[in-house]
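Overview (structure and organization)
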Amino acid sequence: MTSTLQEGTLVGCGNPLLDISAVVPLDFLQKYSMNEDDAILAEDRHMPIYGELVEGFQAEFLAGGSVQNSLRIAQWILRQPRVAVFFGCVGEDRYAGILKEKAQAAGLDVHYQVKKDVPTGTCAVLITGTHRSLCANLAAANNFTIDHLEEPSNKALVDNAQYYYISGFFLTVNPPSIMQVAATAHAKQRPFLMNLSAPFISQFYMTPLLAALPYVDIIFGNEAEAQAFAEAQQWPSGDLREIGKRLVAMEKKNPTRPRIAILTQGCDPVLLIQQDSVQEFPVTKLAVHEIVDTNGAGDAFVGGFLSQFVQGKSLDVCIRCGNYAAGHIIKNPGCTYSGEPEFV
Ligand code: 26A
């Protein structure tokens, strides 16, 4: 990176979660009625998972939370600290300390809302081969409130940012904050980027998702998430390209900047959909022995993308960097990196 970016160029909001990750047999998933590659919210019946992973499966603790992952990865690639700012809610405990330390080590400027007496959120990551199944216990993360964004110093950070990124996951927590950030981005004509995050978001949170979508300049998602969106909309076709074209054609507040959809599909090519055009970007397929786990691959893709997008690079470069970052973190545990970034 040669150019210098303004501090706080990119602002994100999300759920700061500590990942508790372990390799488990398939019957462990079955025991909790989970499928490979799920991403769900924990219910009461899932609560024993976290303890079981620690006691029976030598679980690793890793910094997680989808948006925070993406911003950490963007920071790693940018090499210039504090370009990205993250808001989310944590408890006042050891897990919050780990998250903050990992975020700051990457150069991310975190401004957590702290909720005393509620534990920091965790996410069980159940690894089965090249699949990962996620079960999030949001805990403190679920207590984020809009007044955190209205504190003068935080409001200044939101007002001064040039780019905004929020996950679909955050729709489960605080849609008013999403709408406020979206409205700020719109008023200042700055890009607002969002992620479909998980099939359950389209299945159960379509109303707030549809409220935010008109503000979204770039929407990210994987094939399962795009399909879930299409099904919830009762669109006839299951073809990913058609889904992408329909997504970009949906109502938009600022029609002078047409929406872009970027759909990933594992090791199959990434689709870039702009109006009627669909472009493909190949993904380098890793050998099975190179794969540590796929947890955070989608977040790292977005992180790599954002690291270039905030520098004004072409979509082509942004997507290539997304693919680079995803490939790198798949070779590492969870959404973590090793060494210096090698994207040129
Ligand atoms: C609201 N939910 C379910 C979630 C998440 C989540 N981040 C925010 N909200 N469920 C899983 N994650 C995070 O996704 C990353 C992998 O993409 C996990 O913490 C994991 O690091």
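Residues numbered from 1 in each chain as written. Predicted model: local features only at pLDDT ≥ 70, side-chain atom pairs only at ≥ 80, totals over all residues. Heavy atoms only, no water.

This brings us to the overall build of the protein. In terms of regular secondary structure, the protein is built from 13 helices and 14 strands. Taken over the C-alpha trace, the protein has a radius of gyration of 19 Å; the compact-globule value for 344 residues is 20 Å, and the two agree within 12%. Seen through its principal axes, the protein has C-alpha atoms that stretch 55 × 45 × 40 Å. When the 344 residues of the protein are sorted by exposure, 57% land in the buried category. In the protein, the proportion of contacts linking residues at least 24 apart, taken out of those at least 6 apart, comes to 73%. For the protein, the accessible area works out to roughly 14,200 Å², and carbon and sulfur atoms hold 50% of it. If the 25 positive side-chain charges of the protein are averaged to one point and the 36 negative ones to another, these points end up 7 Å apart. (Helix = DSSP H or I, 4+ residues; strand = E, 2+ residues; numbered from the N terminus. Rg over C-alpha atoms; globule rule 2.2 N^0.38 Å. Buried < 20%, exposed > 50% of the residue type's maximum accessible area, 1.4 Å probe, protein only. Contact = heavy atoms within 4.5 Å. Areas by Shrake-Rupley, 256 points an atom, 1.4 Å probe, with all protein chains shown as cover. Lys, Arg positive; Asp, Glu negative; His and termini not counted. Charge placed at Lys NZ, Arg CZ, Asp CG, Glu CD.)

Let us now look at the sheet that holds strand β13 (residues 268–274). Strand order across the open sheet formed by nine strands is β6-β5-β1-β9-β10-β11-β12-β13-β14, with mixed pairing between neighbours. In this open sheet, the two strands that pair with only one neighbour each are β6 (109–114) and β14 (277–281). Taking each pair of neighbouring strands and ignoring which way they run, the sheet shows an average axis angle of 20°. Across five bridges, the pairing between strand β12 (residues 260–265) and β13 is antiparallel. By the bridge assignment for β13, L263 is matched with L271. Helix α3 (residues 66–78) contacts β1 (10–13), β5 (84–90), β6 and β9 (163–167) of the sheet and is inclined by roughly 150° relative to β5. (Pairing = 2+ DSSP bridges. Axes fitted to C-alpha atoms, helices over the stretch in contact; angles between N-to-C directions.)

Turning our attention to empty space enclosed by the protein. For the coordinates displayed, the defined rule picks out one cavity of 30 Å³ or more. Reported here for the largest cavity is a volume of approximately 70 Å³. Looking at the largest cavity, the residues that line it are A182, A185, H186, R190, F192, P214, Y215, D217, K252, K253, N254 and R257. Top contributing element to the lining of the largest cavity by residue count: helix α7 (residues 175–187), with three residues. Here the lining of the largest cavity is built from residues that sort into five nonpolar, two polar and five charged. (1 Å grid on protein atoms, 1.4 Å probe; cavity = no way out; pocket = protein on both sides within 12 Å on 5 of 7 lines; lining within 4 Å. Points joined across faces, edges and corners; volume = space filled by probe spheres on them. Nonpolar A, V, L, I, M, F, W, Y, C, P; charged D, E, K, R; others polar.)

Structurally, T184 can be placed in helix α7. For T184, a relative accessible area of 14% corresponds to the buried category. Ignoring sequence-local partners within four residues, the contact set of T184 consists of V158, D159 and Y164.

Reading across from one edge, β3-β8-β7-β2-β4 is the order of the five strands in this open sheet, with mixed pairing throughout. The open sheet is flanked by β3 (39–41) and β4 (60–64), the only strands paired with a single partner. Pairs of neighbouring strands in the sheet enclose a mean axial angle of 25°, with direction left out of account.

This paragraph deals with the confidence of the model for the protein. Chain-level statistics for the protein give a pLDDT mean of 96 and a share of 99% at 70 or above. Note on the complex model: pTM 0.97, ipTM 0.92. (pLDDT = per-residue confidence, 0-100.)

Let us now look at the pattern of salt bridges. Summed over the entire model, instances satisfying the criterion amount to twelve salt bridges. Across the pair E52 and K31 runs a salt bridge, and its minimum N-O distance is 2.9 Å. Of this pair, E52 sits in helix α2 (residues 48–56) while K31 sits in helix α1 (residues 26–31), and the two are 21 residues apart along the sequence. You can call E52 partly exposed: its relative accessible area is 24%. Judged by its relative accessible area of 52%, K31 is exposed. Among the salt bridges present, the one from D217 reaches K252, with a minimum N-O distance of 2.7 Å. Taken as a pair, D217 in the loop between α9 (206–212) and β11 (218–222) and K252 in the loop between α11 (240–249) and β12 lie far apart in primary sequence, 35 residues in all. The burial state of D217 is the same as that of K252; both residues are buried. Residues participating in the shared-partner salt-bridge network are E7, R82 and D109. (Salt bridge = Lys/Arg side-chain N within 4 Å of Asp/Glu carboxyl O.)

Attention now moves to the site of the ligand. Taken together, 19 residues are adjacent to the ligand, and N15, D19, G65, N69 and D299 come closest. Contact between the ligand and G65: an oxygen atom at 2.8 Å from a main-chain N or O atom of the residue. Considering the ligand on its own, with 460 Å² of exposed area, one finds that the protein chains cover 98% of that surface. Secondary-structure elements contributing two or more residues to the shell around the ligand are β2 (17–23), β3, α3 and β8 (131–137). Taken together, the residues that form the shell around the ligand break down as nine nonpolar, eight polar and two charged. (Near = heavy atom within 4 Å. Polar contact = N/O pair within 3.5 Å; in protein donor to acceptor, adjacent residues only side chain to side chain.)

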